[in-house]
Number of protein chains: 2
Amino acid sequence: MRTSIATVSVSGTLAEKLTAIAAAGFDGIELFENDLLASPLSPEEVRLRAADLGLTIDLYQPFRDFEAMPADSLSAGMRRAERKFRLMERLGADLLLVCSNVSPAAIDSDDLAADQLRSLASLAAEYGIRIAYEALAWGRHVDDYLHAWRIVRQAGHPNLGVCLDSFHILSRGSDPIGIEAIPGEKIFFLQLADAPLLAMDVLQWSRHYRCFPGQGMLDVAGLVGHALRAGYAGPLSLEVFNDVFRQADARRTALDGMRSLIALDVPEPVVPSGFAFAELAAADPGPLGEMLTALGFARTGDQLWEQGAARIVVREAPGKAALAAIGLESPDPDASMARAEALRAGVVPGERAIAAPDGTRITFRPPASPGPVTGHVVEIDHVALTQPWHHFDGAALFYRAVLALTPQPSLEVPDPYGLLRSRAMNAGPVRVVLNITQVQGLPSQHIALACDDLVATARALPPGLLLPIPANYHDDLDARYDLPPDYRDLGILYDRDEHGEFLHLYTVTLGHVFFELVQRIGGYRGYGAVNAPVRLAVQHALAAGEGQVPPQ
Amino acid sequence: MRTSIATVSVSGTLAEKLTAIAAAGFDGIELFENDLLASPLSPEEVRLRAADLGLTIDLYQPFRDFEAMPADSLSAGMRRAERKFRLMERLGADLLLVCSNVSPAAIDSDDLAADQLRSLASLAAEYGIRIAYEALAWGRHVDDYLHAWRIVRQAGHPNLGVCLDSFHILSRGSDPIGIEAIPGEKIFFLQLADAPLLAMDVLQWSRHYRCFPGQGMLDVAGLVGHALRAGYAGPLSLEVFNDVFRQADARRTALDGMRSLIALDVPEPVVPSGFAFAELAAADPGPLGEMLTALGFARTGDQLWEQGAARIVVREAPGKAALAAIGLESPDPDASMARAEALRAGVVPGERAIAAPDGTRITFRPPASPGPVTGHVVEIDHVALTQPWHHFDGAALFYRAVLALTPQPSLEVPDPYGLLRSRAMNAGPVRVVLNITQVQGLPSQHIALACDDLVATARALPPGLLLPIPANYHDDLDARYDLPPDYRDLGILYDRDEHGEFLHLYTVTLGHVFFELVQRIGGYRGYGAVNAPVRLAVQHALAAGEGQVPPQ
């Protein structure tokens, strides 16, 4: 399958966009008109530059507000089109996107639309150009892809077909199965975009929140399946309008886009079955070892600490303590690694490991038997990683596509100095939480350890190890629930959902990382996010040196 | 009128919030529960801290999901309430906000709601506490303020009244005139928030996009008028949930909030009648003078350059060339200055000038007669100022409240490296454009000069003065319009709206500032924003030293 991407999807000047798109391995581009208008490159220079980079110009877009206009507007529209056809000749592009009319002057007449599009296609044919007609979700009279297809069929011109766009189709809830009713050769182009589910005006949703397939919640893969079954043989082309991508590094965005297309086409994922280990690195590993000992871990190797199935590697490396690597148990580590490489994950030189976009190294290991039972810690419950805010969608795609984790809905957590966004990704016992924040200077990296008895665990801990929790928090818990007094005495935080209960505790921070101790009772599915604002406020206060809150 | 603000409206720890709120001159606070829960301060310490700062705790909030619940839930709700009443005793707070139930378990029965709220009010009375019942716009069965009032009236308890919130009332399109049907003494509390008009889910809109009165598009002042006519005598209290305010400096936010309340109550504004001057400052004023000469200005004083009614002051000051001050013609400069001071504008020490939030100095002058006609420049058309992105709402409020300019809708302008937000504010010929961007390093400060003949102006300019416009831009203009060839030859940019046409040109940048030359034909109302992406792309290319685009 050929791959393509609209130039509007990545940041930069047109020249920078082309370079980034080619570097990510795309076959072609959709040239977005505004990118050309603002460029000092002549159309001939753009053509040459793209060819030098191995890129074809698959589509020129958009051409707006043409069809179903009063007769006296037709000649102006045809004149405008002819100028664009001449431009496309200079660019070496032979497919023009015409999107459905949004003008208040447009007439609600399929006959008129078909007539005028036929005229346009006839003129286009003289230039060897074809027209792909697309229903915008907010088109004035044509907002459904099957409506656009009816008009194209009625027009009956070989140079006129439809352009399908997954966002326009799925955002308005249309059933994409109707695509299979369109002859494949009349689907001139297929544009792909995903989006988070947002209850907002569809135009604003489209212009600001689109993302690459697999980053949002639309079934883009299903739609592609329908198009392929219809016989579509053109490129899979990404067209994303996203406020964050506009600011982000173009090469990284283009690579994310390429990964999203590969993920539509790779074999079934190898689902990891558990955490093999988590690796911490620090210039001075001493305090980490002391904390692990205090948490009941046994040192079972030079760098290895074990308790039940929880394994923590502590490695000496420059810098403050930080989470450096994750080992995942895989039923087939070689297949996991091969899939990661196919999805363009960066391979760490000299290691059988890949690098996540946030720099975390990830390795795959066969399942191992649990270590010694030295306390109440049973296994690693989850690992929380911090992402730069403009890498969030890319990270979600990486963990979903490369590691076969299923993304959960994003949550927003109020921090005293901003809003933190948090998204859990999981596959059975493998749970990774991605946190982003624009708030500087606070660690949200942590390893959460599942315990079989948190009260007993807490009782056995030495003083000073835990984050002190304000008494006001437990006063509120007492008002809401009838809980054992142990929770207040031991500083245990609490949450419940319809499936069960969640008890947790946080340690103080070492360098950039801290531990969480958790106990899931019943089938509780969350991560205690409701308590995160309290944790963040206390961590800020400690980081600012406002002094310890006296433990209760 | 007493002033109050919910602690959730500003950033920081509870202690930092209290300090910032007191510094802005508020009389009291609404204590937001989560701020207390995350605080190491005990309720008694919060009470003391507030009292020391001269702040009363006017409201404790919110108490959720209480009323209209099945009978077996009542005792848990009453138990929860009693804990909160005891907490409020410790805080010295005597008013509790109860917001309408959003629980799926809530029963659609006003009788039940009234009964249970009466029980709650009876218990509250034992503690000397009153209950303010508020209809959330997304309440399960009660989402309208008059519905809440009917329930309160039916409950008929002296310790039960309503809380009115301008966002909840205006966001759902309710007519606020019904407030006048509520006896003033039964309006226990009045919360004020404005918001931009957004077509999105009201809960998301409320939680992320609220702003202070005058920063958005809701008629908060009108609603306050209804409440005062009803006899409301409690505080005007701000309650804003805003993602940007959460990150911004608490003192600045609190001052903006105080300004928004003062603006509800100050006398009629003194509307400026024109630009008296714009002042540029540079360590080396030479190049600015040369550019002004090239633009046809006459040097009429040591630091003054004039052409028609356009006056530019060029002052020597450290740093690169920048826009430093604006003089506005006022029919009553003393009244303008007094109003600005009443609205807490910072007064520049030793000058009859105020400082805008972006640092621009502003002075008021009596109208003056125009200077010499030395070319085609007639007057200053508009001044564009750059704002840090997290100061945008504050700046909009400043220019609206202090300078009596009317805000126009925000526009979004694609820049190659991000999205730029632009909002024009105007009063007749006084037009100020506020630009924000997260894109670093590009000037958007400029002075636009109105010309009576832009073609003639452009012909007379020396080479190298203007920003080179890509030929692709004019190819597109030619496709869309039938324009004089002069426009292409002279590099003139073009726009039209339903009222008229707009011709404009940009100079190259000197330091941080550039000039625009504009001609409005007919009643064109915009600022050529459609062409801004082209300007930005060329400015980026020049700033990156990618070389001059050859002039056409």
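Since we're looking at a predicted model, the values are computed, not measured.

## Regarding the packing of helix H5 (residues 110-126) of chain B against helix H6 (residues 145-155) of chain B
Residue and element names in this part refer to chain B. Running from N to C, H5 and H6 point in directions that differ by 60°, and their axes come no closer than 8 Å. With respect to their mutual orientation, H5 and H6 come out oblique. Both H5 and H6 take part in a crossing whose hand is right-handed. Touching Asp110, Asp111, Ala113, Ala114, Leu117 and Arg118 of H5 are His147, Ile151, Gln154 and Ala155, all from H6. Residues that form the contact of H5 with H6 fall into these classes: five nonpolar, two polar and three charged.

## Brief notes about the relation of the copies chain B and chain A
The operation relating chain B to chain A is a screw motion whose rotation component is 180°, with 0.0 Å of axial translation and a residual RMSD of 0.0 Å. Overall, the copies show the geometry of a two-fold rotation axis. Taking the C-alpha atom as reference, chain B places Met200 of chain B closest to the rotation axis, 1.9 Å from it. Mapped onto chain A, 100% of the interface residues of chain B again fall at the interface, so both copies present the same surface.

## Describing the UniProt feature "binding site: Mg(2+)" (unreviewed entry) in chain A
Residues and elements named next belong to chain A. This chain's UniProt record puts "binding site: Mg(2+)" (unreviewed entry) on His382, His446 and Glu516. Taken along the chain, the residues just named run across 135 residues; in space they keep tight, none of their C-alpha pairs more than 9.2 Å apart. Mapped onto the fold, His446 is located in strand E22 (residues 445-451). Ignoring sequence-local partners within four residues, the contact set of His446 consists of Leu323, His382, Val383, Ala384, Val513, Phe514, Glu516 and Arg535. You can see Glu516 is positioned in strand E25 (residues 513-522). Take Glu516: its relative accessible area is 2%, and that puts it in the buried class. Glu516 has contacts with His382, His446, Ile447, Ala448, Leu449, Phe502, His504, Leu505, Tyr506 and Tyr527, leaving out every residue within four places of it along the chain. Among the polar contacts listed, one links the side chain of Glu516 to the side chain of His446, at a separation of 2.8 Å.

## Topic: the environment of Ser103 of chain B
All names here are of chain B. As for its placement among the helices and strands, Ser103 is situated in the loop between strand E4 (95-99) and H5. Overall, Ser103 belongs to the buried group, its relative accessible area being 13%. For the pair formed by Ser103 and Arg64, sequence separation is 39 residues and the distance between their alpha carbons is 9.0 Å. Residues in contact with Ser103, not counting those within four places in the same chain, are Asp65, Met69 and Arg140.

## Considering the domain arrangement of chain A
Residue and element names in this part refer to chain A. If you check the domain split of chain A, you get domain 1 (3-263) and domain 2 (274-543). For domain 1 and domain 2, the distance between their C-alpha centroids amounts to 43 Å. Every contact between the two is made by 20 residues of domain 1 and, on the other side, 16 residues of domain 2. Across the domain 1/domain 2 interface, buried area totals approximately 1600 Å², and carbon plus sulfur atoms make up 59% of it. The three residues of domain 1 that bury the most area against domain 2 are Gln215, Arg252 and Arg259, which together make up 39% of that side's buried surface. Where domain 1 meets domain 2, there are zero salt bridges.

## A few points about the interface of chain B and chain A
If you look at the interface, chain B gives 49 residues, while chain A gives 49 residues. Between the two partners, chain B and chain A, sit four salt bridges. As a salt-bridge pair, Asp476 of chain B and Lys84 of chain A come within 2.5 Å of each other at their nearest N and O atoms. On the surface where chain B and chain A come into contact, there are 22 residue pairs in polar contact (both at pLDDT 80 or more).

## A word on the sheet that holds strand E14 (residues 346-347) of chain B
Sheet strands pair via backbone hydrogen bonds, and the direction of the pair is either parallel or antiparallel. Residue and element names in this part refer to chain B. One open sheet accounts for eight strands, arranged E10-E11-E12-E9-E13-E16-E15-E14; its pairing is mixed. Both outer strands of the open sheet, strand E10 (298-299) and E14, are each paired with one neighbouring strand and no more. For strand E9 (residues 274-282) and strand E12 (residues 310-316), the ladder comprises five bridges, and the chain directions are parallel. Among the inter-strand pairings, Glu279 is bridged to a residue of E12, identified as Val313.

About the criteria used
Residues numbered from 1 in each chain as written. Chains lettered and ligands numbered in written order. Predicted model: local features only at pLDDT ≥ 70, side-chain atom pairs only at ≥ 80, totals over all residues. Heavy atoms only, no water. Axes fitted to C-alpha atoms, helices over the stretch in contact; angles between N-to-C directions. Helix = DSSP H or I, 4+ residues; strand = E, 2+ residues; numbered from the N terminus. Parallel < 35°, antiparallel > 145°, perpendicular 65-115°, else oblique. Left-handed = near helix turned anticlockwise from the far one by under 90°. Contact = heavy atoms within 4.5 Å. Nonpolar A, V, L, I, M, F, W, Y, C, P; charged D, E, K, R; others polar. Least-squares fit on C-alpha atoms with pLDDT ≥ 70 in both. UniProt positions renumbered as here; feature names shortened; annotations may be inferred. Buried < 20%, exposed > 50% of the residue type's maximum accessible area, 1.4 Å probe, protein only. Polar contact = N/O pair within 3.5 Å; in protein donor to acceptor, adjacent residues only side chain to side chain. Domains from an automatic or database assignment. Buried area = accessible area lost by both parts, 1.4 Å probe. Salt bridge = Lys/Arg side-chain N within 4 Å of Asp/Glu carboxyl O. Pairing = 2+ DSSP bridges.

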